[in-house]
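Fold and geometry: a report
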Amino acid sequence: MKYTPITDEIYAYMSATFPAEDDFLRTLKREADEAGFPPIHIAPEQVAFLQMFLKATGAKRVLEIGALAGYSAVGMARALPEGSSLLTLEREPRHADFVRRKVREAGLENIVEVRTGDAAQLLREITVDSLFDFVFIDADKVGYTTYLDLTLPLVRVGGVICGDNTLAWGNIADSASTDKTVQALRNFNAAISTHPQLQACLLPIAEGMTFGVKVG
Ligand code: DHB
Ligand code: MG
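A few points on the structure. Note that the structure is a prediction, hence the values are computed from the model and not measured. (Residues numbered from 1 in each chain as written. Chains lettered and ligands numbered in written order. Predicted model: local features only at pLDDT ≥ 70, side-chain atom pairs only at ≥ 80, totals over all residues. Heavy atoms only, no water.)

Structural notes on the coordination of the magnesium ion (ligand 2)
Protein coordination at the magnesium ion (ligand 2): the donors are Asp138 (OD), Asp164 (OD) and Asn165 (OD1), at 2.0 to 2.2 Å from the metal. Along the chain, the residues donating to the magnesium ion (ligand 2) fall in the pattern D-x25-D-N. (Donors = N, O, S within 2.8 Å, 3.2 Å for Na, K, Ca; no water.)

So, the pairing of strand 7 (residues 209-214)
Most of strand 7 sits out of view: 5 of its 6 residues are buried. Sheet analysis places strand 5 (residues 155-164) next to strand 7, joined by 5 bridges and oriented antiparallel. Bridge pairing in strand 7 places Asp164 opposite Met209. Bridge count between strand 6 (residues 198-203) and strand 7: 6 bridges; the pairing is antiparallel. Across the sheet, Ala200 pairs through a bridge with Gly212, a residue of strand 7. Connecting the antiparallel pair strand 6 and strand 7 is a turn made up of 5 residues, with Ala206 showing a positive phi of about 50°. (Buried < 20%, exposed > 50% of the residue type's maximum accessible area, 1.4 Å probe, protein only. Helix = DSSP H or I, 4+ residues; strand = E, 2+ residues; numbered from the N terminus. Pairing = 2+ DSSP bridges.)

Structural notes on the sheet that holds strand 1 (residues 61-65)
Here we have 7 strands laid out as an open sheet, ordered 3-2-1-4-5-7-6, and mixed in their pairing. Two strands bound the open sheet, and with one partner strand each, they are strand 3 (112-116) and strand 6. Across the sheet, the mean angle separating the axes of adjacent strands is 15° when strand polarity is ignored. Sheet strands touched by helix 7 (residues 144-151): strand 1, strand 4 (132-137), strand 5 and strand 6. Its angle to strand 5, the strand with the most contacts, is close to 170°. The strands touched by helix 8 (residues 180-194) within the sheet are strand 4, strand 5, strand 6 and strand 7, with strand 7 carrying the most contacts at an inclination of about 30°. (Axes fitted to C-alpha atoms, helices over the stretch in contact; angles between N-to-C directions. Contact = heavy atoms within 4.5 Å.)

In structure tokens, the structure reads:
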């Protein structure tokens with residue numbers, strides 16, 4: 001075996017040694033649960049990774065597609081320096097309102113903007129003074145490849161596009177799958193891994209995150 005399976009014990013060790021979920025994020029999750037949101041926030045270790053990654057790359061402009069309850073937006077925005085911006089796109093107005101409230105409570109309203117609507121349409125309307133450093137795609141899986149195509153021109157060379165859930169809950173290797181989500185994630189991985197303007201890799205963290213850096 002070329003990898004170490006993450007047992008419950010190892011996972012508990014990782015969470016305890018590199019904690020990324022504080023009371024604010026725990027409360028956000030609980031309130032989202034109580035409000036009937038699906039429990040599909042990114043995992044704490046993904047927050048830890050994204051925060052480290054954003055700091056390492058000096059990211060100042062971040063775009064997120066799919067805010068849900070704002071767990072990842074708050075997590076990422078906390079790692080951004082003064083004067084940076086995080087734009088998150090959310091289809092559900094009720095979810096977007098929740099995120100705006102959480103962003104205010106977190107004191108991040110100067111950094112985070114939530115736009116409500118269909119992501120593909122919002123992406124076509126975006127005009128940027130400066131290109132994005134990082135794009136996090138975590139919305140409907142069927143839209144991933146479209147979001148990749150629409151965001152690529154909005155990202156600087158050296159910037160990174162990431163898609164969440166790219167192991168498709170263990171089904172990503174199933175080439176015969178008729179599941180639309182699995183097919184869409186396989187198409188996304190194929191597109192990002194072969195794109196001439198991107199150099200990509202799949203990180204097996206949580207349900208998988210695929211990263212592509214824009215090289216040209
Ligand atoms: C699910 C998880 C996700 O992270 C996501 O973006 C969408 C759905 C899920 O577990 O169903
Ligand atoms: Mg996700």
